[in-house]
Amino acid sequence: MIRRVHYRRKHTYRTASNKVRVVKTPGTLPSHLGGQLTIQYRFKKGKGQVCGDTGAKLQGIPHLRPKAFKRLSKTKKTVARPYGGTRTAEAVKTRCGGECA
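A few points on the structure. (Residues numbered from 1 in each chain as written. Predicted model: local features only at pLDDT ≥ 70, side-chain atom pairs only at ≥ 80, totals over all residues. Heavy atoms only, no water.)

### Remarks on the environment of aspartate 53
Mapping aspartate 53 onto the fold places it in the loop between β2 (37-41) and α1 (66-70). For the pair aspartate 53 and alanine 91, spaced 38 residues apart in sequence, the C-alpha separation works out to 6.6 Å. Filtering out sequence-adjacent residues up to four positions away, aspartate 53 remains in contact with Arg87, Ala91 and Arg95. Within the structure, aspartate 53 has its side chain in polar contact with the side chain of arginine 87 (distance 3.3 Å). Separated by 3.0 Å, the side chains of aspartate 53 and arginine 95 make a polar contact. (Helix = DSSP H or I, 4+ residues; strand = E, 2+ residues; numbered from the N terminus. Contact = heavy atoms within 4.5 Å. Polar contact = N/O pair within 3.5 Å; in protein donor to acceptor, adjacent residues only side chain to side chain.)

What follows is the structure in structure tokens.
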């Protein structure tokens, strides 16, 4: 028979923002949560930044959700060249005619 678990938050529908994973807590005796099933909430994955010209993913920039991306320092959000965190190297070459990159 399947052991059932309950959501711990108010959101009770199985949507993309309410993903959960069922895990068994350590312990074998039926003590206070030992050896029982409980829920771990999963977080959405980031899709990563894309180039504004070509639509390709930018290398060297982490794929994070917007809130986590906002907390990074500027050196982790950009690449050290003109149009660093917004365009790929190929797009910069075509845009500047080979003078920028």
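### Re the pattern of salt bridges
As enumerated under the stated definition, the model contains 2 salt bridges in all. Between arginine 87 and aspartate 53 there is a salt bridge, with the nearest N and O atoms lying 3.3 Å from each other. Of this pair, arginine 87 sits in the loop between α2 (74-77) and α3 (89-96) while aspartate 53 is found in the loop between β2 and α1, placing the two residues 34 residues apart along the sequence. A relative accessible area of 18% places arginine 87 in the buried class. Here arginine 95 and aspartate 53 are joined by a salt bridge, their closest N and O atoms 3.0 Å apart. Taken together, the residues arginine 95 in helix α3 and aspartate 53 in the loop between β2 and α1 connect sequence positions 42 residues apart. Looking at aspartate 53, the relative accessible area reads 41%, which means it is partly exposed. (Salt bridge = Lys/Arg side-chain N within 4 Å of Asp/Glu carboxyl O. Buried < 20%, exposed > 50% of the residue type's maximum accessible area, 1.4 Å probe, protein only.)

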